[in-house]
Amino acid sequence: MARRRVAIAELSHETNSFSSVPVDLAFVERCGIVRGPAVIEQARDTATVLAGFIDAAAEVELELVPLLSVWITPAGKVTREAYETLLAVLLTGIERAQPLDGVLLALHGAMVAEHVSDGDGELLRRLRALIGSRVPIVAVLDLHANISPLMVQQVDLLLGYHTYPHVDQREQGQQAGRLLGRLLRGEIRPTTVLVKPPMLPTSQRMTSDRPPMRLLFDRARAMEHDPRVLDVTVAGGFPPADVPEAGLSIVVTTDNDPAPAQQLADELAALAWELRHGFLGGVATWEEAAATIRAMIRGSLVLVDIADNPWSGGPGDSVELLRFLLQQQARPAALALVRDPEVVAHCRQAGVRATVDVVLGGKTDSLHGPPLRVRGRVRLLSDGRYINAGPMHAGVTADLGRTAVLAIEGIAVLVTERAESPIDLNVFRSHGIEPTEQRILALKGKGHFRAAFEPIAEQVVLVKGPGITGSDLTRLPFRNIRRPIWPLDLA
Ligand SMILES: [Zn+2]
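Just so you know, these numbers come straight off a predicted model, no measurement behind them.

## Some thoughts on the sheet that holds strand β16 (residues 403–408)
Within a sheet, neighbouring strands are paired by backbone hydrogen bonds and run either parallel or antiparallel to one another.
Okay, so step 1: As summarised here, the arrangement of the eight strands in space is β12-β13-β16-β17-β11-β18-β10-β19, forming an open sheet in which the pairing is mixed. A strand with exactly one partner marks an edge of an open sheet, and here the two such strands are β12 (355–360) and β19 (459–463). Averaged over all neighbouring strand pairs, the angle between strand axes comes to 30 degrees, with direction disregarded.
Okay, so step 2: Of the pairings in the sheet, the one linking strand β13 (residues 372–382) to β16 comprises five bridges and is antiparallel in character. Bridging across to β16, Leu380 finds its partner in Val405.
Okay, so step 3: Its contacts with the sheet put helix α12 (residues 341–350) on β11 (333–339), β12, β13, β16 and β17 (411–416), and the angle it makes with β12 is roughly 170 degrees.

The structure is reproduced here in C-alpha cells:
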C-alpha cells in the first residue's frame with residue numbers, strides 16, 4: 001500500500017475573554033508562524049503533539065504534509081484579521097496539498113475570536129467543508145479545552161491530554177496518528193459522545209496526579225481497557241473563556257458502538273459531579289503565605305501567584321508577588337517574572353551593574369495591582385531565549401523577548417518583554433540564577449510549574465493575587481456561559 005498523504009498542523013490559542021490584550025496579527029507573528037517543512041524541523045524530538053505526529057508517521061507509514069505551526073501565548077480574543085489570516089493559511093495549504101488521505105491537527109480547544117465564539121469548532125467546520133466527509137480528521141486538544149458539539153461533529157476522532165502538567169503531549173500526538181492509521185486501513189469506525197455536566201471548575205486543583213482529577217483519569221483509563229472503546233477524554237475546561245461551551249467535557253469514542261459511549265460518558269460525568277468540591281480551594285491568602293514563610297526554619301518554598309498566570313491569559317505584569325517578597329525576611333529569593341518592556345529598555349540603556357530607579361509593572365490594566373517604585377541593580381541582560389529541559393515542553397525553545405535581571409534587596413527579579421509562564425528550571429538557569437539555591441522561588445503559574453519545580457521544592461504554596469486568572473470566578477463578569485452552572489449558581 002502506498003504511503004497515505006496526511007496534512008499536519010498546529011494552531012493553538014487559549015483565549016481569556018477578560019484579558020485586555022487582543023491577539024492581533026502582530027501578536028501572532030511575535031509568537032512565531034512556522035510554515036511548510038520547517039514545521040517538522042522545529043518539532044522533531046520535542047515534547048509536543050507535532051513531534052508525536054512525526055513519530056506515528058514513521059510507525060504507520062504516513063507521508064506527512066506539514067502546513068502550519070502556531071502556538072499563540074494565551075491572551076485576549078483573537079482579532080478577526082488574525083483569525084481569518086491563520087485560517088486562510090491553513091485552508092489554502094490544505095487545498096494545495098490535495099489529494100489528501102487524512103488530516104492531523106493539534107488545537108487547544110479554547111480559542112475565541114472577536115467574531116467567532118467557538119474558534120476551534122468553526123475552524124474544523126470550514127476544514128470539513130473543504131475536504132469533504134471522506135477524508136478523516138483527527139484532532140488533539142488541550143486538557144483545558146472547552147469542547148463543543150460542533151468540534152465533535154466535524155472530526156472523526158478527537159482526543160485530549162491525559163496529564164496536567166501536560167507532559168504527555170507527544171504521546172497523545174502519537175496516539176492520534178496511530179488511530180488515524182487504523183481509520184485509513186478501515187479497521188475502526190469511531191462513534192463519539194460528548195457530555196458536559198454543568199461544571200466550570202478552575203484549574204489550580206486540576207493536576208492529574210491528585211484527586212479529583214486523578215480519580216477521573218483512573219476511571220477513564222480503566223474504561224479504555226474495554227475493547228469497544230477507542231478513547232476517553234476528560235477535559236477540565238478553561239473558565240475565563242466566556243463562551244457557552246466553557247467548562248468540563250467528557251468525550252467517549254467507541255468503535256461503531258454508540259450505546260456504551262453514552263453510558264461511559266454519563267458515568268464519568270456523574271463521577272465528576274460527585275467529586276466537584278475537590279476542585280475548589282487550595283489557594284492561600286497573602287497572610288497565610290507570610291505565616292508559612294515565618295514557620296520555615298530551613299528549606300525552600302515555591303510560591304505561585306495564580307491570578308496573573310501568563311498561560312491563562314494573565315498580562316504577567318503584576319508586581320504583587322514582589323511587593324509581598326519585599327516584606328518578608330526569607331532570602332535569597334528569585335521571581336519569574338514581571339513583563340515590563342519599558343523597564344527592560346531602561347535597564348539595557350543603563351547597562352549591567354548600573355543602579356536604576358524604575359516604576360515596575362502594573363501597567364496593562366487596573367485588575368492586577370498598581371505599579372511598584374523600586375531601586376535595583378542590573379545583574380544581567382539577555383535575549384530571553386532558552387531551551388526547556390522539561391519534562392514538559394522538553395526541547396522547545398522559550399522566548400521571553402529581551403530580559404533584564406534586577407537585584408532588588410536580595411531578590412532577583414526577571415523582567416521581560418513578553419509574558420510566558422515560567423514552567424522550566426532553565427527560566428532561571430539561563431539567567432544566571434540557580435533555582436536550587438533560593439529560599440523562595442516566586443512564580444506566576446497554575447499547574448504546569450509543578451513538573452519541573454515540585455521535585456526541587458520542599459513546599460509549594462499557591463497564593464491569591466488580584467487578577468483575571470485566579471480561582472475566584474465571582475470576580476469575572478460572565479455574560480455568555482451556560483447558566484445555571486457550578487460553582488457560580490449551583491452548590
Ligand atoms: Zn492546558
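Moving on from the coordinates now.
## A look at the environment of His448
Okay, so step 1: Structurally, His448 can be placed in the loop between β18 (440–444) and α14 (450–453).
Okay, so step 2: Residue classification places His448 among the buried positions, given a relative accessible area of 12%.
Okay, so step 3: C-alpha of His448 to C-alpha of Asp424: the two residues are 24 residues apart in sequence and 8.9 Å apart in space.
Okay, so step 4: Contacts of His448, omitting those with residues within four sequence positions, involve His144, Tyr164, Pro165, His166, Trp311, Met392 and Ile423.

## Structural notes on the coordination of the zinc ion
Okay, so step 1: Within the first shell, the zinc ion binds the protein through Asp142 (OD), His144 (ND1) and His166 (NE2), at distances of 2.1 Å.
Okay, so step 2: Donor residues binding the zinc ion come from one chain and are separated in sequence as D-x1-H-x21-H. Here His166 lies in the loop between β6 (157–160) and α7 (169–184) and His144 lies in the loop between β5 (137–141) and α6 (149–154), a separation of 22 residues in the sequence.
Okay, so step 3: A residue is classified by how much of its surface remains accessible, and His166, at 2% relative accessible area, is buried.

## Describing the pairing of β12
Okay, so step 1: Only one face of β12 is covered, namely the face carrying Val356, Val358 and Leu360; the face carrying Thr355, Asp357 and Val359 is uncovered.
Okay, so step 2: Here β12 pairs with β13 via six bridges, running antiparallel. Within β13, the position partnered with Leu360 by the bridge is Leu372.

## So, the domain arrangement of the protein chain
Okay, so step 1: What the domain assignment reports for the protein chain is domain 1 (4–279) and domain 2 (286–470).
Okay, so step 2: Here domain 1 and domain 2 have C-alpha centroids that lie 31 Å from each other.
Okay, so step 3: If you look at the interface, domain 1 gives 30 residues, while domain 2 gives 28 residues.
Okay, so step 4: When the area that domain 1 buries against domain 2 is broken down by residue, the three leading residues are Arg30, Pro165 and Gln204, summing to 22%.
Okay, so step 5: Inspection of the domain 1/domain 2 interface yields two salt bridges.
Okay, so step 6: Between Glu454 and Arg210 there is a salt bridge, with the nearest N and O atoms lying 3.0 Å from each other.
Okay, so step 7: In terms of residue count, the dominant contributor to the side of domain 1 that touches domain 2 is strand β3 (residues 62–75) (four residues).
Okay, so step 8: Looking at the side of domain 1 that touches domain 2 residue by residue, the classes come out as twelve nonpolar, 13 polar and five charged.

## Structural notes on helix α8 (residues 213–223)
Okay, so step 1: Taken together, the buried positions of α8 are Met213, Leu216, Phe217, Ala220 and Met223. Buried positions in α8, seen along its axis, are confined to an arc of 115 degrees and lie on one side of it.
Okay, so step 2: The inward-facing, buried residues of α8 abut β8 (229–235) and α9 (258–274).

## Notes on the side chain of Asp305
Okay, so step 1: You can see Asp305 is positioned in strand β10 (residues 301–305).
Okay, so step 2: One buried charged residue, Asp305, remains without a salt bridge, the closest side chain of opposite sign being Lys444 at 5.9 Å.
Okay, so step 3: Excluding residues within four positions of it along the chain, Asp305 makes contact with Ser318, Leu321, Leu443, Lys444, Gly445, Val463 and Gly465.

## Let's talk about the sheet that holds β6
Okay, so step 1: Taken together, the six strands give an open sheet; going across it, the order is β2-β3-β1-β4-β5-β6, and neighbouring strands pair in mixed fashion. A strand with exactly one partner marks an edge of an open sheet, and here the two such strands are β2 (34–35) and β6.
Okay, so step 2: In the packing of helix α3 (residues 49–60) onto the sheet, the strands contacted are β1 (4–15), β3, β4 (102–107) and β5, and the crossing angle to β3 comes to about 165 degrees.
Okay, so step 3: Docked against the sheet, α7 engages β1, β3, β4, β5 and β6, running at close to 160 degrees with respect to β6.

## As for the pattern of salt bridges
Okay, so step 1: Applying the stated criterion across every chain yields a total of 29 salt bridges.
Okay, so step 2: Where Arg185 meets Glu187, a salt bridge forms, and the shortest distance between an N and an O atom there is 2.7 Å.
Okay, so step 3: On the basis of relative accessible area, Arg185 is assigned to the partly exposed category, the value being 40%.
Okay, so step 4: Arg402 is the salt-bridge partner of Glu417, the closest N and O atoms lying 2.9 Å from each other. Here Glu417 is found in the loop between β17 and α13 (426–429), whereas its partner Arg402 is found in the loop between β15 (397–399) and β16, with 15 residues between them in sequence.
Okay, so step 5: If you follow the salt bridges from partner to partner, you end up with Arg30, Arg385, Asp399, Arg418 and Glu420 in one network.

## Regarding the packing of aromatic side chains
Okay, so step 1: The full count for this structure, using the stated rule, is four aromatic pairs.
Okay, so step 2: Taking the centre distance of 6.0 Å and the plane angle of 85 degrees together, the rings of Phe428 and Phe453 count as edge-to-face. Residue Phe428 is found in helix α13, and its partner Phe453 is found in helix α14; the two are separated by 25 residues along the sequence.
Okay, so step 3: For Phe453, a relative accessible area of 0% gives the class buried.
Okay, so step 4: The lysine or arginine in question, Arg276, covers the ring of Trp273, its NZ or CZ lying 4.0 Å from the ring centre.

Rules used in this analysis
- Residues numbered from 1 in each chain as written.
- Predicted model: local features only at pLDDT ≥ 70, side-chain atom pairs only at ≥ 80, totals over all residues.
- Heavy atoms only, no water.
- Pairing = 2+ DSSP bridges.
- Helix = DSSP H or I, 4+ residues; strand = E, 2+ residues; numbered from the N terminus.
- Axes fitted to C-alpha atoms, helices over the stretch in contact; angles between N-to-C directions.
- Contact = heavy atoms within 4.5 Å.
- Buried < 20%, exposed > 50% of the residue type's maximum accessible area, 1.4 Å probe, protein only.
- Donors = N, O, S within 2.8 Å, 3.2 Å for Na, K, Ca; no water.
- Domains from an automatic or database assignment.
- Buried area = accessible area lost by both parts, 1.4 Å probe.
- Salt bridge = Lys/Arg side-chain N within 4 Å of Asp/Glu carboxyl O.
- Nonpolar A, V, L, I, M, F, W, Y, C, P; charged D, E, K, R; others polar.
- Arc of directions from axis to C-beta.
- Lys, Arg positive; Asp, Glu negative; His and termini not counted.
- Phe/Tyr/Trp six-rings, centres within 6.5 Å; stacked < 30°, edge-to-face > 60°.
- Lys NZ or Arg CZ within 6 Å of the ring centre and 35° of its normal.

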